[in-house]
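Structural features, examined
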Amino acid sequence: MKQLIPIACLCFLSCQQIANNKNTPTSEQRQQKTNVPKNSFVFFDSLFTNQPTYIASGFDFPIGKPNANGYYNAQKFTVNDHLGDDWNGKGGGNTDLGDPIYSIGNGYVNFAEDIEGGWGNVIRIIHKYKGNYYESLYAHCDTISVKNGSFVTKGTQIGTIGNAHGTYYAHLHLEIRDSILMDIGGGYSKNTTGYLDPTKFINSNRN
Ligand SMILES: [Zn+2]
């Protein structure tokens, strides 16, 4: 596993740019970009009541469908205060550039656009599961293949693995949140309120 360390360190250093990047939109700017009203729970309750097919019944990994086959987690949740997982192809470097990213579960695409800076193309999906709401966030994507405001099912390809316009070696930064619609954040924090360990969450909620 020693050969993984330089990649993880590199990612750590470069991902730190997320927190400091001046191009990262403020909460207000992000609010303007989303199509969801502030009374979001009413909105989502109505949405999923009308479209029960898209209520999640379990989750899979977003790469190497469905079990992350061929990928490794180079920087796990809370390591270096990381708020997500960094999924990299086992080939290292940019060998995974352009590989498919899949929705971890049924849900509603609530954000899908390039916010540049340390984030690049970001997709945020709202999942209703066992009566609770969760959000999955996929960052640094090379391409986005879903539209904001569309429904997806588990395993739907939503984009491809990217490097945030050349900022990093290609990898997927995946966050899973149990507090939906929070600010985009900085990717790193000692305060993990609202964030879940993605791998633990997926492994505990397969179907
Ligand atoms: Zn990351």
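Residues numbered from 1 in each chain as written. Predicted model: local features only at pLDDT ≥ 70, side-chain atom pairs only at ≥ 80, totals over all residues.

The subject of this paragraph is the overall build of the protein chain. Looking only at helices and strands, one finds five helices and eleven strands in the protein chain. Among the 207 residues that make up the protein chain, the fraction classed as buried is 43%. Contacts spanning at least 24 positions in sequence make up 66% of the contacts within the protein chain whose residues lie at least 6 apart. (Helix = DSSP H or I, 4+ residues; strand = E, 2+ residues; numbered from the N terminus. Buried ≥ 20, exposed ≤ 12 C-beta atoms within 10 Å, placed from the backbone. Contact = placed C-beta atoms within 7 Å.)

We now examine the nonpolar core. I101, V122, I123, Y138, C141 and L172 are the most contacted members of the largest nonpolar core, which totals 46 residues. For this core, the secondary structure elements donating two or more residues are helix 3 (40-50), strand 3 (100-102), strand 4 (107-114), strand 5 (121-129), strand 6 (132-141), strand 10 (172-177) and strand 11 (195-196). Looking at this core element by element, the count peaks at six residues for strand 6. Dropping the residues within four chain positions of it, I123 is found in contact with V109, F111, A112, Y138, C141, I144, V146, I158 and G159. (Core = buried A, V, L, I, M, F, W, Y, C linked by C-beta atoms within 7 Å.)

Spatial strand order, 3-9-7: three strands in an open sheet with antiparallel pairing. The strands lining the two open edges of the sheet, one partner per strand, are strand 3 and strand 7 (143-144). Both strand 3 and strand 9 (residues 157-160) contribute to a ladder of three bridges, which runs antiparallel. What sits directly across from I101, in strand 9, is G159. (Pairing = 2+ DSSP bridges.)

On to the pairing of strand 10. By the criterion of burial, strand 10 is predominantly enclosed, with six of the six residues buried. Both faces of strand 10 are covered, namely the face carrying L172, L174 and I176 and the face carrying H173, E175 and R177. Summarising the sheet, strand 2 (residues 85-89) and strand 10 pair through three bridges and their orientation is antiparallel. Pairing of D86 across the sheet is with H173, part of strand 10. The sheet contact formed by strand 6 and strand 10 spans five bridges and is antiparallel. By the bridge assignment, E135 is partnered in strand 10 with R177. Relative to strand 11, strand 10 is paired through two bridges, and the arrangement is antiparallel. By the bridge assignment, R177 is partnered in strand 11 with Y195.

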